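# Observations on chain architecture
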Amino acid sequence: MQCKLRPLEAICVAGAVEDCLDRLRVLQSLTPSVITQRDELSNILGNTVAQIIKEQKVCEEKYEVLVKRRSELKSLSNKTRYKKNQDKIEAQAHELQELTRELCKHLRESPNVSQNLLKIQTERTDLITHFESFRKELLSTYSFQGIYEWASGRTTAYNKMMQIMQQDKDMQKEIKDLDEKIRKTEAEMARQLEDLDIKIKASKEELQQTQARIEDVKANRDDERQARLEAQQNMNELNQSRLTQQVINAKLQLQNEKNVHSVTLSYFDRRRAHINQMMKEWTDKYETDVKAETEKLQGFKRRIDAATTDYNELKPEKEEAERLMHLETERAKERAKQNEMRNSQTTVMNKIKILYLLHSKIRGPLPKPKRGKKKK
């Protein structure tokens with residue numbers, strides 16, 4: 001942007017700025033006392049806040065009383081009083097919210113007098129400084145670049161502040177919508193609680209009827225239960241006596257087992273000592289016998305070595321004797337075969353003779369063979 005002015009325009013603007021500076025200096029000289037203003041505003045604000053806090057405490061006490069009364073009215077069958085009490089609770093809660101909102105508003109809007117007055121003085125001093133530099137810049141360079149940049153910065157800050165305020169308004173609107181939703185939800189929950197109370201009442205009545213029936217049945221069964229209890233008591237006494245006898249028998253058996261155990265342990269100790277003594281004796285005997293048998297084994301080995309030597313010397317004679325014995329055996333077998341054949345032939349001849357004798361006795365003598373005539 002072009003920030004240059006013509007000299008005449010610059011002088012006119014500088015005169016107007018000088019007039020503004022004179023007015024600001026007059027206002028600065030007329031600034032009231034900070035302490036006096038602070039005390040007056042603090043007294044006014046303190047009275048208002050104290051009154052709101054007092055009303056808020058009274059409202060809280062009423063709300064607490066109504067809540068206690070609601071818990072008492074829940075068990076009653078008449079729901080009209082309960083509903084009226086619920087409406088009063090909602091109205092009291094709304095009033096308490098309004099008081100809290102008003103208190104927050106007063107606290108938020110309450111001026112800090114000393115800081116506000118100091119801020120006004122600081123802003124006025126800064127404004128005088130900027131206007132003086134602006135007038136000097138106009139008279140020296142006939143331009144307003146510095147004041148333009150300063151104004152642009154303030155405009156940007158103002159726009160940001162307005163944007164933040166708009167966001168704050170939007171948030172307040174959302175909070176209001178949420179409060180409305182919460183109120184509707186609470187109303188819905190109250191209706192649901194009423195329905196639940198009705199159901200609970202019906203369940204209680206049904207439970208009372210059931211308990212009455214149970215009491216009747218219980219009264220009718222008292223005699224039977226008493227008889228069963230007496231019978232059970234008698235059975236318990238019998239079982240107790242039997243169990244007592246079993247305990248006594250178990251104790252006796254345990255004592256016997258302990259005695260047997262001690263006797264068995266003593267017997268095993270004696271047996272172990274005897275076995276150890278026998279083991280020692282047998283170990284000594286084993287060592288003695290092993291030594292004697294080892295000596296015998298050495299003697300047998302010496303005898304075997306001598307016999308082996310003699311055997312090697314007599315082996316050719318033994319082989320010759322075996323050969324002769326084999327020949328003699330073969331000859332004996334041949335003689336046995338011949339004797340067997342001779343005996344078989346003799347047996348056959350004897351059988352033939354016997355047959356012949358038998359035949360001759362039965363048929364007579366055999367005819368003599370015919371002889372032919374001799375030729376002359």
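All values derive from a computational prediction rather than experimental measurement. (Residues numbered from 1 in each chain as written. Predicted model: local features only at pLDDT ≥ 70, side-chain atom pairs only at ≥ 80, totals over all residues. Heavy atoms only, no water.)

## Regarding the overall build of the chain
To be explicit about the condition: Going along the chain from the N terminus, every DSSP run of H or I of four or more residues is numbered as a helix, and every run of E of two or more is numbered as a strand. Only protein chains enter the calculation, and the probe is 1.4 Å; a residue is then buried if its accessible area is under 20% of its type maximum, exposed if over 50%, and partly exposed in between. Contact definition: two residues touch when any of their heavy atoms are within 4.5 Å. Computed with the Shrake-Rupley method and a 1.4 Å probe, the accessible areas treat only the protein chains shown as cover for residues.
A tally of helices and strands in the chain yields 6 helices and 0 strands. Traced from its N-terminal end to its C-terminal end, the chain shows the element sequence α-α-α-α-α-α. Counting every position in the chain, which comprises 376 residues, the buried fraction comes to 10%. Residue pairs in contact within the chain that sit at least 24 positions apart in sequence constitute 74% of those at least 6 positions apart. For the chain, the exposed surface amounts to about 32,600 Å²; the carbon and sulfur share of it is 57%.

## Regarding the packing of aromatic side chains
Here is the rule we go by: Note on ring pairs: Phe, Tyr and Trp rings are taken, using the six-membered ring of Trp, and paired if centres are within 6.5 Å. Classes follow the plane angle, with under 30 degrees stacked, over 60 edge-to-face and the rest tilted.
Considering all chains together, one arrives at 1 aromatic pair under this definition. Taken together, a centroid distance of 5.8 Å and an interplanar angle of 50 degrees make the contact between Tyr267 and Phe268 tilted. On the basis of relative accessibility, which here comes to 43%, the residue Tyr267 falls in the partly exposed class.

## Here we look at the pattern of salt bridges
To be explicit about the condition: Take a side-chain nitrogen of Lys or Arg and a carboxyl oxygen of Asp or Glu: if they are within 4 Å of each other, that pair is a salt bridge.
Applying the stated criterion to the full structure yields 6 salt bridges. With a closest N to O distance of 2.4 Å, Arg183 and Glu180 form a salt bridge. On the criterion of helical spacing, the pair formed by Arg183 and Glu180 is a turn pair, its members being 3 residues apart in helix 5 (residues 145-220).

## Considering a nonpolar patch on the surface
For clarity, the cut-off: Any residue with relative accessible area above 30% and no salt bridge may belong to a patch, with like charges joined within 9 Å and the nonpolar Val, Leu, Ile, Met, Phe, Trp and Tyr side chains within 5 Å.
On the surface, a nonpolar cluster with roughly 390 Å² of combined accessible area is contributed by Tyr158, Met161, Met162 and Met165. Mapped onto the elements, Met162 comes out in helix 5. Take Met162: its relative accessible area is 36%, and that puts it in the partly exposed class.

## Points about the confidence of the model for the chain
Inclusion rule: A residue's pLDDT is the predictor's confidence in that residue, given on a scale from 0 to 100.
Summary statistics for the chain give a mean pLDDT of 77 and a share of 82% for residues scoring 70 or more. Within the chain, the element-level pLDDT minimum falls on helix 2 (residues 34-73), averaging 69, and the maximum on helix 6 (residues 222-363), averaging 84.

## What about the nonpolar core?
Here is the rule: Residues belong to one nonpolar core when they are buried, are Ala, Val, Leu, Ile, Met, Phe, Trp, Tyr or Cys, and are joined through side-chain atoms within 4.5 Å.
Residues Ala10, Ala14, Val17, Leu21, Ile128, Phe131, Phe134, Leu138 and Ile147 constitute the largest nonpolar core, which totals 9 residues. Mapped onto this core, the elements with two or more residues apiece are helix 1 (7-29) and helix 4 (113-141).

## A look at the environment of Glu60
Counting through the fold element by element, Glu60 comes out in helix 2. Placed 32 residues apart in sequence, Glu60 and Gln92 show a C-alpha to C-alpha distance of 8.2 Å.

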